[in-house]
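# Structural characterization, general
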Amino acid sequence: MLYHSTNSNSEKVNFREATIRGQAPDKGLYFPDSIPMLTKEFLSSFKQKSKAQIAFEVIGPYVGDTITEEDLFQICEHTVNFDFPLVRVTDNISSLELFHGPTLAFKDIGARFMSRCLGCFSKTDSRKVTVLVATSGDTGSAVANGFLGVGGVDVIILYPSGKVSKIQELQLTTLGQNITALEVQGTFDDCQQMVKQAFMDEELNKKLFLTSANSINVARWLPQQFYYFYALQQWQQKEPPVVCVPSGNFGNICAGLIAAVSGLPVKHFVAACNSNDVFTKYLLSGELYSQQAVATISNAMDVGNPSNLVRLLEMFGSDYSRIKNFISSYSISDKETSETISRVYKNYNYTLDPHGAVAYASLEKYLNEVDGQATNNRGLFLETAHPVKFSDVVEKATGATIEFPDSMKHLLHLKKKSVMIEAEYKALKSFLDS
Ligand SMILES: *Cc1c(COP(=O)(O)O)cnc(C)c1O
């Protein structure tokens, strides 16, 4: 399997090179040269297979011969060794809970897979890789946890001081070993800007081999297909589900779409957005414009220019009518998000996090709109984070306290370790130089 750049101006590379580089030299995103199709045999038997076996068979063609089958199976086993329950919320709506991993967010899956792949590659590569990430909370904790103790890889995380939740900060700053947390005296945008500048700094890149760990990286993006198969494994209806994905950078939904293109039965996709509604507007008008990101209570989706939209367009040959037929999108305000958390808690005794709430509200709108024709339309949404990670917002909406999960209690006794730096590239550079 080779990967080409969506900008078509870079040489094609295999999975190993695409993972190590992150982004193509022409600044495009790597995309599989041909999408492997699932066999009839697999589609009729995967419901009986183990999670690790499904992951292994789905990702195999994408990895090719860059990792041995034995190593790949181990990586898969490690990546998915927690639960992915599909929980019924109403007669028509179920929640695929993706927050049972070590940092309580779906980003654990991609981060765990990518870190083990890089660890595997670095065994036979003299280059020491430095992973540099900016985070508003979830990415950093999943990446830090996934890469902890992986040989040949250093991880540096920039996060905005005072702007991540308590549990997120503990997850970022208490690991030590090969993980360093830089506490930036500024905003998430400052952190992102500083990281971007580091990637463009030629002098620095001669000294350090930098790579990113966001969903631009194929090794983080592609394993996100796995849990769409686990959802279908648990789906009891004859009709395939409508699947609704809370979307920011559109990595998650693009992984679901590639699974569907390769044969996984899904009736329709709904891209759930907060007030950052570039894609919702695109479906209405056919025109794609990037916007300035606006801050919302579902802040992991505050993206003004979603990087994976180029992959979405590529998958459908930029055919607007095909895209429109298969995907719908809604934009949900903060007010509606809070009201949804409150209403679903009261009526169904289910606690949503703000990102899941945006998805729930979007799915409900979609099912109501088509309900006139077909009352048996049913769907599921991806619940991408545990509500405790956003306890301020959730407790205000429900009026109930959220229990700190047992698996997180040990964090409360650990000591935060971070390096405070100014929100200027100079400060990051002098840290990296030392
Ligand atoms: C990152 C994130 C999202 C958005 O996922 P994308 O792949 O960027 O679209 C949604 N919810 C939560 C909780 C996240 O951390």
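Higher on the page you've got the structure.
Residues numbered from 1 in each chain as written. Predicted model: local features only at pLDDT ≥ 70, side-chain atom pairs only at ≥ 80, totals over all residues. Heavy atoms only, no water.

### Comments concerning empty space enclosed by the protein
Worth spelling out the cut-off: The rule is simple: put a 1 Å grid over the protein atoms alone, call a set of points where a 1.4 Å probe fits but cannot get out a cavity, call an open set with protein on both sides within 12 Å along at least five of seven lines a pocket, and count a residue as lining if it has an atom within 4 Å of a point. Grid points are joined across faces, edges and corners, and a volume is the space filled by probe spheres set on the points. Put simply, Ala, Val, Leu, Ile, Met, Phe, Trp, Tyr, Cys and Pro go in the nonpolar bin, Asp, Glu, Lys and Arg in the charged bin, and everything else, Gly too, in the polar bin. Labels follow the DSSP assignment, with helices taken as runs of H or I lasting at least four residues and strands as runs of E lasting at least two, numbered in each case from the N terminus.
Here the structure, examined in full by the defined rule, presents 2 cavities of 30 Å³ or more. Each pocket or cavity is described by its volume, and for the largest cavity that value is around 40 Å³. Taken together, S247, G248, F250, C273, N276, D277, V278, F279, M301, V303 and P306 form the lining of the largest cavity. Across the lining of the largest cavity, the residue classes break down as 7 nonpolar, 3 polar and 1 charged. The computed volume of the second largest cavity comes to approximately 30 Å³. What lines the second largest cavity is I20, L118, F121, S122, D125, R127 and V129. When residues of the lining of the second largest cavity are assigned to their parent elements, the largest contribution, 3 residues, is made by helix α5 (residues 107-122). Each residue belonging to the lining of the second largest cavity can be placed in one class, and the counts come to 4 nonpolar, 1 polar and 2 charged.

### Notes on the packing of aromatic side chains
Two measures describe an aromatic ring pair: the distance that separates the ring centres and the angle between the ring planes. Applicable threshold: By convention, a stacked pair of Phe, Tyr or Trp rings (six-membered ring in the case of Trp) has centres within 6.5 Å and planes under 30 degrees apart, an edge-to-face pair has planes over 60 apart, and any other such pair is tilted. Buried, partly exposed and exposed residues are distinguished by accessible area as a fraction of the type maximum, computed with a 1.4 Å probe on protein chains only: under 20%, between the cut-offs, and over 50%, respectively.
What the rule picks out here adds up to 18 aromatic pairs. Considering the side-chain rings of F31 and W221, the 6.2 Å spacing of their centres and the 35° angle between planes classify their relative orientation as tilted. With F31 in strand β2 (residues 30-32) and W221 in helix α10 (residues 218-221), this residue pair connects regions lying 190 residues apart in the sequence. Judged by relative accessible area, which is 0%, W221 ranks as buried.

### Some remarks on the packing of helix α4 (residues 69-79) against α5
Worth spelling out the cut-off: A fitted line through C-alpha atoms serves as each axis, taken over the contacting stretch for helices, and the angle formed by two N-to-C directions is quoted from 0 to 180°. Should an angle lie under 35 degrees it is considered roughly parallel, over 145 roughly antiparallel, and from 65 to 115 roughly perpendicular; all remaining angles are considered oblique. By convention the crossing between two helices is left-handed if the near helix lies anticlockwise of the far one by an angle smaller than a right angle, and right-handed if it lies clockwise. Only heavy atoms matter for contacts: two residues are in contact if any of them lie within 4.5 Å across the pair.
Orientation of α4 relative to α5, taken along the N-to-C sense of each, is 150°, at an axis distance of 9 Å. By the criterion of interaxial angle, the relationship of α4 to α5 is roughly antiparallel. In terms of crossing hand, the pair formed by α4 and α5 is right-handed. Each of D71, L72, I75, C76, H78 and T79 in α4 lies in contact with α5, whose residues at this interface are I109, R112, F113, R116, C117 and C120.

Remember, this is a structural readout, not a statement about activity or role.
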